[in-house]
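Spelled out from the first residue to the last, the chains are:
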Amino acid sequence: MASNEPAVEQSFFIDKNSQFDIGAIEGAPFKNFEKRLNLGYQAAPIWIRMRIAPLASSSAVDAGLDQMILRIGPHDADQIEVYEFDHGQWQIQTVGDMSPRKKNSCADDYYCINLRETASPSNTIYLKIQTSNFLILDTEIVTLQDLSAVTANRIKRIFISLTLASVLLIIAVFWMIKYRSSMTLSFVGLQASIFVYLLCIYGFSSIWFPDLPPVLLDALPHLMFILRSFFSILTIFVVIKTYCDSRFYFAMVYAILVVCVLNCVLFFTEYKNLSIRLNLIIFSIYPAIHIFGVVKSKGMIKNVRVLFFVSFFLFYVVLLPTMVGGLFFSLFNGFVGPIQNISDWRLNGLMVGAVIFLLIKFEEEHREKQKADEINQIRINRIEADSYAALLSDRNTMIDLLTHDLKNPLGTITFASRSLKEQFQDNQAATLKLRHIDQCVNRMNNLIEHVAVSARLDRYESLPSEMTSPALELIEELKETYAEQSRFQINVETDVEFNADREMLTVVFGNLINNAYKYGHAGGDISITVKRINTPSVGSNEVGSIESEATSVCFEISNAVGTFGMPDQDRVFERYYRHPNSIAVPGMGLGLSLVKAAAAKIGASVDFRLARDTVTFTVKVPN
């Protein structure tokens, strides 16, 4: 059956002063246009005149299929009044977002209005359009015979858009369940807003919820578009913030997210038109903000960086002309870019969803690789730790054997030396040699003791100690082996006790006293002070954290610097380090490193300071 479309001549008029009605509109200066009318944002009423030529007669065409139908769409205009002159007066039919859509709906997302068959052969109809939205409308007149063919292509596009949006939403929900990250959560919000937005612009909301107020049905697509911008900004921000530390970028993102929220509120005020334009501005500038964030990022995955730049470039090539044309319509003489309106089927979220899909894919693959690397590194560290523990065990066993085996001959040498001293009491030369043997034996014995103590520290496990050591008794015990007792100036507070492992205390204080005696000024005083001190600590109860004071015992030893010079403050606790001036003095450089290690085992702190020509060590032992 051949098509028999009517010929239509269309023209428009902008009633800027709202002074025309249907009775006077015939005298207005109309301008001709083709099928699509692009007028941007127009607050004034828009009149469209359509002059319909009569259909050519054809006996092959059923009279019922000659019914003429006016198609207007997409349906984002607030109110459209259709005027037909019939039986001597103008008849009005009203459609639009602000009118109930139980009638006059096509199979797709257009309005369909049956024109009256009783109209004159040369019929003229008028449309009066008032809307706060971006005005881009298609107007056409088709016969009932051609209606299905005209709507089929539009229905196919709607179906493809909704299918892609629903698939991306399902993927987003799956990823959110799988990864449970802020990135996938914001991706779900983005795809949900896109899906609901498409349902609204294609008219499903008014079909499924016919009892909802028209104001709410009109607001839903715009609110969803604002949320779409919000979640787009948020999703990309979640990716970039991992790599970017620019405060300016963070401030811009937070600011534009706040503007999105305020824009939702603004939409329900008298500034609805401003809200719609503001959303276009947000939609236009947020990629530029993210480009700045990408430029300032460090360590970003190469694939992610390339994807950002390519997608932002395509965004501005495809969408920016549309946004600029919509905001500054009059300056561009009606040019609105490749995307004609927010109902365009290409705004189904596929491009944005595909970009976010790849971003999440790249990011999650990178995170899984990092996680695998971390697990492998943990395994390697575990193997190295086990190997080190085995070597340490072997070393400690060897040290124990050597210590035992060296102690026995040293004891034999010491016993033999004493016997020889008794035999050669009158031989001064022999006595001098025997004294030198004793000094060497003592040096070897001290070295063995240091090595043994170091090995014990490696194996020591810190446990709560119930051992109590009177401070004065411990200090007296440690100093009694030294010949020049008069050098010690001891000031111990009455009844002060150490609640810590006595062996570790002996290592700490014994080595500090020995260092002061050995390296201090010859014949100079060695000052030892022991006292209680209160240190602040933080605890907790049922209400919250509280501050209190804990008691510690402070051991302080100081001496004047000797002929060896000032110690190296940065290396004083370094193992095996010895000051160049003290090389002639017997030792291995282990003493102060043992002090630091032993103090750590019992939770004590060791401080070192130089004041003029005095060296002072302070040990605080918690009680």
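Residues numbered from 1 in each chain as written. Predicted model: local features only at pLDDT ≥ 70, side-chain atom pairs only at ≥ 80, totals over all residues. Heavy atoms only, no water.

(A) Region of the structure containing the state of the cysteines. Applying the stated rule across the entire model yields zero disulfides. The structure places no disulfide on cysteine 264, whose sulfur is separated from the nearest cysteine sulfur, that of cysteine 260, by 7.5 Å. (Disulfide = S-S within 2.5 Å.)

(B) Just helix 4 (residues 214-240), in detail. The end-to-end C-alpha separation of helix 4 is 40 Å, in line with the 39 Å expected for 27 residues at 1.5 Å each. At leucine 220, helix 4 shows its maximal bend, which comes to roughly 30°, and the proline proline 221 appears one to four places after that position. (Helix = DSSP H or I, 4+ residues; strand = E, 2+ residues; numbered from the N terminus. Expected span 1.5 Å × (residues − 1). Bend = angle between axes of the 7 residues up to and from the residue.)

(C) Seen up close, the nonpolar core. Membership of the largest hydrophobic core comes to 51 residues, with the highest contact counts inside it found for Leu198, Ile233, Ile240, Val304 and Phe308. Looking at this core, the elements with two or more residues in it are helix 1 (144-179), helix 2 (182-201), helix 4, helix 5 (247-266), helix 6 (272-295), helix 7 (302-318) and helix 9 (350-423). Ranked by residue count, the leading element in this core is helix 4, at eleven residues. Excluding its chain neighbours within four sequence positions, the residues that come into contact with isoleucine 240 are Tyr249, His290, Gly293, Val294, Ser297, Met300 and Phe308. Judged by nonpolar contacts, the second largest core, of 41 residues, contains Leu474, Val508, Ile526 and Ile528. (Core = buried A, V, L, I, M, F, W, Y, C linked by side-chain atoms within 4.5 Å. Buried < 20%, exposed > 50% of the residue type's maximum accessible area, 1.4 Å probe, protein only. Contact = heavy atoms within 4.5 Å.)

(D) Focus on the environment of glutamate 556. Mapping glutamate 556 onto the fold places it in strand 15 (residues 545-560). Sequence separation between glutamate 556 and phenylalanine 608 is 52 residues, and the spatial gap between their C-alpha atoms is 10.0 Å. When sequence neighbours within four positions are dropped, the list of residues in contact with glutamate 556 reads Ser527, Ile528, Thr529, Arg609, Thr616, Phe617 and Thr618. Side chain to side chain, glutamate 556 and threonine 618 meet in a polar contact 3.4 Å long. (Polar contact = N/O pair within 3.5 Å; in protein donor to acceptor, adjacent residues only side chain to side chain.)

(E) Looking closely at the packing of helix 11 (residues 471-479) against helix 12 (residues 502-519). Running from N to C, helix 11 and helix 12 point in directions that differ by 55°, and their axes come no closer than 10 Å. As judged from the angle between their axes, helix 11 and helix 12 are oblique. Of the two elements, helix 11 crosses helix 12, and the hand of that crossing is right-handed. Each of Glu473, Leu474, Glu477 and Leu478 in helix 11 lies in contact with helix 12, whose residues at this interface are Arg502, Leu505, Thr506, Phe509, Gly510 and Ile513. Looking at the contact of helix 11 with helix 12 residue by residue, the class counts come to five nonpolar, two polar and three charged. (Axes fitted to C-alpha atoms, helices over the stretch in contact; angles between N-to-C directions. Parallel < 35°, antiparallel > 145°, perpendicular 65-115°, else oblique. Left-handed = near helix turned anticlockwise from the far one by under 90°. Nonpolar A, V, L, I, M, F, W, Y, C, P; charged D, E, K, R; others polar.)

(F) Examining the environment of isoleucine 236 more closely. By the secondary structure assignment, isoleucine 236 is in helix 4. Taking the relative accessible area as the measure of exposure, isoleucine 236 reaches 7% and is therefore buried. On a C-alpha basis, the gap between isoleucine 236 and valine 355 in space is 9.7 Å, while along the polypeptide they are 119 residues apart. Among all residues touching isoleucine 236, those that are not within four sequence positions of it are Tyr286, His290, Phe308, Phe312 and Ile356.

(G) Spatial organisation of the packing of helix 12 against helix 13 (residues 591-601). The interhelical angle for the contact between helix 12 and helix 13, taken along N-to-C directions, is 150°, at an axis separation of 8 Å. Classified by the angle between their axes, helix 12 and helix 13 sit roughly antiparallel to one another. Between helix 12 and helix 13 lies a crossing of left-handed hand. Residues Met504, Val507, Val508, Asn511, Leu512 and Asn515 of helix 12 form the contact with helix 13, whose own contacting residues are Gly591, Leu592, Leu594, Val595, Ala598, Ala599 and Lys601. Split by residue class, the contact of helix 12 with helix 13 holds nine nonpolar, three polar and one charged.

(H) Molecular detail of the confidence of the model for the protein. On average, residues of the protein carry a pLDDT of 77, and 78% of them reach 70 or more. Model confidence for the protein, summarised as mean pLDDT per element, is weakest for helix 8 (residues 320-327) at 57 and strongest for helix 5 at 91. (pLDDT = per-residue confidence, 0-100.)

(I) A look at unusual backbone geometry. A positive phi angle, close to 50°, is found at serine 18, a residue other than glycine. You can see serine 18 is positioned in the loop between strand 1 (8-14) and strand 2 (31-33). Phi is positive for aspartate 495, close to 60°, though the residue is something other than glycine. Counting through the fold element by element, aspartate 495 comes out in the loop between strand 12 (488-492) and strand 13 (497-498).

(J) How the structure looks around a nonpolar patch on the surface. There is a patch of nonpolar side chains on the surface, built from Ile207, Trp208, Phe209, Leu212 and Leu216 and spanning about 490 Å² of accessible area. Locating tryptophan 208 in the fold gives a position in helix 3 (residues 204-208). (Patch = residues over 30% accessible without salt bridge, like charges linked within 9 Å, V, L, I, M, F, W, Y side chains within 5 Å. Areas by Shrake-Rupley, 256 points an atom, 1.4 Å probe, with all protein chains shown as cover. Salt bridge = Lys/Arg side-chain N within 4 Å of Asp/Glu carboxyl O.)

(K) Fine view of helix 13. Among the residues making up helix 13, those that are buried are Gly591, Leu592, Ser593, Leu594, Val595, Ala598 and Ala599. Glycine 603 occupies a position one or two residues after helix 13 and carries a positive phi of about 75°.

(L) Summary view of the packing of aromatic side chains. Taken as a whole and assessed by the stated rule, the structure comprises 25 aromatic pairs. Aromatic side chains phenylalanine 237 and tyrosine 254 sit 5.6 Å apart centroid to centroid with 70° between the ring planes, which places their arrangement in the edge-to-face category. Placement of the pair is phenylalanine 237 in helix 4 and tyrosine 254 in helix 5, with a sequence separation of 17 residues. Arranged with centres 6.2 Å apart and planes meeting at 70°, the rings of phenylalanine 250 and tyrosine 254 form a pair that is edge-to-face. Taken together, the positions of phenylalanine 250 and tyrosine 254, both in helix 5 and four residues apart, correspond to about one turn of that helix. What makes tyrosine 254 partly exposed here is its relative accessible area of 45%. One aromatic cluster is present, formed by Phe13, Phe20, Phe30, Phe85, Trp90 and Tyr126 through successive ring pairs. Between the NZ or CZ atom of arginine 487 and the centre of the ring of tyrosine 517, over which it lies, the distance is 4.8 Å. (Phe/Tyr/Trp six-rings, centres within 6.5 Å; stacked < 30°, edge-to-face > 60°. Lys NZ or Arg CZ within 6 Å of the ring centre and 35° of its normal.)

(M) Structural context of the pattern of salt bridges. Scanning all chains against the criterion turns up nine salt bridges. In this structure, glutamate 476 engages lysine 479 in a salt bridge whose closest nitrogen and oxygen atoms are separated by 3.3 Å. With glutamate 476 and lysine 479 both in helix 11, this residue pair falls three residues apart, about one helical turn. Counted as one network, the salt bridges with shared partners bring together Glu473, Glu477 and Arg502.

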